[in-house]
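# Notes for the structure review
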Amino acid sequence: MRIIFLLISVLIVFSCRHEVKDSRIVAIDTFMEAQVKHFKFNGSVLVAEKGEVIYQKCFGLTDFETRQALNDSSLFELASVSKQFTATGILLLKEKGKLQLTDSLRMYFPELPYHGITIHHMLTHTSGLPDYESTMAGKWDESKIAFNADIIHFMATEKPPIHFKPGVKWEYSNTAFALLASIIEKVSGKSFHDFMKENVFTPLNMKNSRVYNTRRSGEVIPNYAYGYVWNDSLKRFILPDSLPDLKIVYWLDGIQGDGIINSTATDLLRWDRAMVNHTLLTEESISQMTSHQSLMDTTSKYYYGYGVMVGENQFGKFVTHSGGWPGYATNLSRYIDSDRTIIILSNNESASSAISGSVAHILYGKPVQVSYEHKPIDLDSVALDAFTGSFKFKSSGINIIREKGELFRMYGTRRVKLLPESDSRVYQTDGFDVYYEIEKDQQGKYKYYRIMYGVKDELEKVQ
């Protein structure tokens, strides 16, 4: 896990467009400036109400070597935010009578050994298809770039088993969306690139958006936001291309459909408005896309539609999706009842989804703590033990242990060191804005809290 130290003495901040309208916007700007200062956020932020931009600002650089500044036309890899575009391509073909959501995968690729999987299953992550990345790893020549046709050939030849019977459960599937892009190509007779340009980007005037496989095309796009990862040994951000652990940025660079849409915050707002106003798809198709098609989590009652996640929280109903790829972290969210849109695009793996949630809290008048510099202190073992235990938070659990006089937050088998800054607060040392608090009442009982990107949530200690 990357640990973010001081990258440069002064991080250049360039504004796209920013107009102060009310105290919420001042609070958003204050929050984001603190993210830049203390957690080195690099990227683009846009907030809109009913389609009107109320905050838009860029922070940092497109290229850390040439030091070119980001602006509102800088192009970001969207990663899995791309899935809603692939889903839209399928729905457009359905509206034209070119396919049906009940069509089987084998109708288009009979060589694949997977029976009973429909387009609907693939759109909703209920197909059970094996993950192409993990099944190809170690069997694919990583000096060669894999394309969608290579996935199909590999799965037809190697026949990795299906994970479960189609439709019985939810499991996130990049494979399904890559195959959906291949279905779009087969049905339309066009490349995925050309189909999306002609049927989505051009009609919506998304003039800076495109399908772009960066490392294989040989094309250099001006104002491209290159994705950077933190390197512990060098203590700086670098491109992931040369890192052995991130070879996927090369050998999986030909895969389309589960990612690889590139866009800007401004263009994504145009996309968001098209979804609201049914500019591209019919009202019926949009309703299908944003309906509760498959249950993701029984506790939170979050659902997956077609290429988007849908649910309801304290701010009302929402539709959202995040994306992650080496060097990139993205999030596009809209709160349906109040029609508020939040777009966070980062090209240095900043926590875009958590930041989006914090911005939402500010928009709805909820308290958010602004980031600050953490300074460690020494605590005795008794004080440290007060932080340890297993805690319940919504649908997930948090486990904090003490080992050889040090605290660690456990993420499965991975651990992140926690350092105390007071007898009531410890913070994570992995470069993310997360810390934990305890309060002791007059009866000596503890209350526990997690503060993640300024949002405070109470934890229930279960062990």
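Only a predicted model underlies this, so the values are computations on that prediction, with no experimental measurement involved.

With that out of the way, let us pick up the overall build of the protein chain. The helix and strand tally for the protein chain stands at 14 helices and 23 strands. Against the globule reference of 23 Å for 463 residues, the protein chain gives a C-alpha radius of gyration of 23 Å, in line with a compact fold. Each of the three principal axes of the protein chain carries a C-alpha extent, and together these read 70 × 50 × 45 Å. Taken across its 463 residues, the protein chain has 55% of its residues classed as buried. In the protein chain, of all internal contacts separated by at least 6 residues, the share reaching a separation of at least 24 is 63%. Carbon and sulfur atoms make up 50% of the accessible area of the protein chain, which amounts to about 20,000 Å² in all. A distance of 2 Å separates the average location of the 52 positive side-chain charges in the protein chain from that of its 54 negative side-chain charges.

One open sheet accounts for eight strands, arranged E2-E1-E15-E14-E13-E12-E11-E10; its pairing is antiparallel. Lying at the two open borders of the sheet, with one neighbouring strand each, are strand E2 (52-59) and strand E10 (294-297). For this sheet, the mean angle separating the axes of adjacent strands, direction not counted, is 20°. Summarising the sheet, E10 and strand E11 (residues 302-304) pair through three bridges and their orientation is antiparallel. Looking at E11, one finds that Asp297 is bridged to Tyr302. Here helix H1 (residues 23-39) sits on the sheet and contacts strand E1 (43-49), E2 and strand E15 (340-346); the angle it forms with E2, its principal contact strand, is near 15°.

Looking now at the packing of aromatic side chains. Here the distance between the centres and the angle between the planes together describe a pair of aromatic rings. Here the structure, examined in full by the defined rule, presents 19 aromatic pairs. Between the aromatic rings of Tyr302 and Phe318, the centroid separation amounts to 5.3 Å while the plane-to-plane angle is 85°, which identifies the pairing as edge-to-face. Pair noted here: Tyr302 is in strand E11 and Phe318 is in strand E13 (residues 316-325), with a separation of 16 residues, a long-range link. Overall, Tyr302 belongs to the partly exposed group, its relative accessible area being 22%. Judged by centre distance (4.5 Å) and plane angle (10°), the ring pair of Phe315 and Tyr364 falls under stacked.

The subject of this paragraph is helix H2 (residues 83-95). The end-to-end C-alpha separation of H2 is 18 Å, in line with the 18 Å expected for 13 residues at 1.5 Å each. Of all the 13 residues making up H2, eleven are buried; the element is thus mostly covered by neighbouring parts of the structure. When H2 is considered as a whole, its buried residues turn out to be Lys83, Gln84, Phe85, Thr86, Ala87, Thr88, Gly89, Ile90, Leu91, Leu92 and Leu93. Where H2 terminates, the next one or two residues include Gly97, which has phi positive at roughly 75°.

A word on the packing of H2 against helix H8 (residues 192-201). A pair of packed helices is captured by two measures, namely the crossing angle of their axes and the spacing between those axes. Running from N to C, H2 and H8 cross one another at 75°; their axes reach a closest spacing of 11 Å. When the axis of H2 is compared with that of H8, the two are roughly perpendicular. Of the residues in H8, those touching H2 at Phe85, Thr86, Gly89, Leu92 and Leu93 are Phe192, Phe195, Met196, Asn199, Val200 and Phe201. Here the residues of the contact of H2 with H8 are counted per class, giving eight nonpolar, three polar and no charged.

Moving on, we come to the pairing of strand E20 (residues 425-428). Judged by which residues are buried, E20 turns out to be covered on both faces: Arg425 and Tyr427 on one side and Val426 and Gln428 on the other are all buried. Note that strand E19 (residues 414-422) and E20 share four bridges and pair antiparallel. Residue pairing across strands places Leu419 opposite Tyr427, the latter belonging to E20. Hairpin geometry of E19 and E20 is characterised by an intervening segment of two residues between the two adjacent antiparallel strands. Where E20 lies against strand E21 (residues 434-440), three bridges are found, and the strand directions are antiparallel. Each bridged residue has a counterpart across the sheet, and for Val426 the counterpart in E21 is Tyr436. Taken together, E20 and the strand that follows it, E21, pair antiparallel across an intervening segment of five residues, in which Gly431 is found at a positive phi of about 90°.

Any two side chains of opposite charge can pair, so long as their charged atoms come close to each other. Scanning all chains against the criterion turns up 18 salt bridges. Of the charged contacts in the structure, one is a salt bridge between Arg340 and Glu49, with a shortest N-O distance of 2.8 Å. Of this pair, Arg340 sits in strand E15 while Glu49 sits in strand E1; the two residues are 291 residues apart in sequence, bridging distant segments of the chain. Among the residues examined, Arg340 registers a relative accessible area of 16% and is labelled buried. Between Lys456 and Glu439 there is a salt bridge, with its nearest N and O atoms 3.8 Å apart.

What follows concerns the nonpolar core. With 118 residues, the main nonpolar core has Phe85 and Ile183 as its most contacted residues. Here this core takes eight residues from helix H7 (residues 174-188), the largest share from any one element. With residues near it in sequence (within four places) discarded, Ile183 still touches Ile90, Leu99, Leu105, Tyr108, Phe109, Ile119 and Met122.

Moving on to the confidence of the model for the protein chain. Here the protein chain shows a mean pLDDT of 92. Residues at 70 or above account for 94%. Segment residues 1-15: pLDDT under 50, and 54 contacts once partners within four positions in sequence are set aside and those in other chains are kept.

Below, the discussion takes up the side chain of Ser80. Tracing the backbone shows Ser80 in the loop between strand E5 (76-77) and H2. Under the relative-accessibility criterion, Ser80 is labelled buried at 11%. One polar contact links Ser80 to Lys83, side chain to side chain, over a distance of 2.9 Å. Within polar-contact distance, the side chain of Ser80 engages the side chain of Tyr172 at 2.9 Å. Those residues in contact with Ser80 that lie beyond four places of it in its chain are Tyr172, Asn174, Asp258, His321, Ser322, Gly323 and Gly324.

What counts, and where the lines are drawn
Residues numbered from 1 in each chain as written. Predicted model: local features only at pLDDT ≥ 70, side-chain atom pairs only at ≥ 80, totals over all residues. Heavy atoms only, no water. Helix = DSSP H or I, 4+ residues; strand = E, 2+ residues; numbered from the N terminus. Rg over C-alpha atoms; globule rule 2.2 N^0.38 Å. Buried < 20%, exposed > 50% of the residue type's maximum accessible area, 1.4 Å probe, protein only. Contact = heavy atoms within 4.5 Å. Areas by Shrake-Rupley, 256 points an atom, 1.4 Å probe, with all protein chains shown as cover. Lys, Arg positive; Asp, Glu negative; His and termini not counted. Charge placed at Lys NZ, Arg CZ, Asp CG, Glu CD. Pairing = 2+ DSSP bridges. Axes fitted to C-alpha atoms, helices over the stretch in contact; angles between N-to-C directions. Phe/Tyr/Trp six-rings, centres within 6.5 Å; stacked < 30°, edge-to-face > 60°. Expected span 1.5 Å × (residues − 1). Parallel < 35°, antiparallel > 145°, perpendicular 65-115°, else oblique. Nonpolar A, V, L, I, M, F, W, Y, C, P; charged D, E, K, R; others polar. Salt bridge = Lys/Arg side-chain N within 4 Å of Asp/Glu carboxyl O. Core = buried A, V, L, I, M, F, W, Y, C linked by side-chain atoms within 4.5 Å. pLDDT = per-residue confidence, 0-100. Polar contact = N/O pair within 3.5 Å; in protein donor to acceptor, adjacent residues only side chain to side chain.

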